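Residue-level structure breakdown
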Amino acid sequence: MPLKHLSTNWANFLDRLQHRFPHVDPARLADPVSDPQTLSLHLAEQHDLTPMEASEELRDFLGLEDLARQAMELRAG
């Protein structure tokens, strides 16, 4: 799921991101981030991960978010 799709409900996404990554700095992510590399680097810095580990964790997280979105669409449709 591209981050740009999440900008319409960034506050909700940020809440879920903080639940998964508790050391996220909401002040630094107050505005929607459209570049996954920027978000990955923030996760790496805040969670003592390598950039590659953070990128993989973010990819996994976004994949789950996409599956949840698809499930909700199926329920609604």
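Presented here is a report on the structure given in the accompanying data block. These numbers come from a predicted model, not from an experiment.

Thresholds, definitions, all that
- Residues numbered from 1 in each chain as written.
- Predicted model: local features only at pLDDT ≥ 70, side-chain atom pairs only at ≥ 80, totals over all residues.
- Heavy atoms only, no water.
- Helix = DSSP H or I, 4+ residues; strand = E, 2+ residues; numbered from the N terminus.
- Rg over C-alpha atoms; globule rule 2.2 N^0.38 Å.
- Buried < 20%, exposed > 50% of the residue type's maximum accessible area, 1.4 Å probe, protein only.
- Contact = heavy atoms within 4.5 Å.

1. A look at the overall build of the chain
- Within the chain, the regular secondary structure consists of three helices and zero strands.
- Taking 77 residues into account, the globule formula puts the C-alpha radius of gyration at 11 Å, and the chain, at 12 Å, falls close to it.
- Buried positions account for 29% of the 77 residues belonging to the chain.
- Excluding contacts between residues fewer than 6 apart, the proportion of contacts in the chain whose partners are at least 24 apart in sequence is 40%.

2. Here we look at the environment of alanine 76
- Among the secondary structure elements, alanine 76 is positioned in helix α3 (residues 51-76).
- Overall, alanine 76 belongs to the exposed group, its relative accessible area being 70%.
- Distance in space between the C-alpha atoms of alanine 76 and aspartate 60 is 25 Å, their sequence separation being 16 residues.

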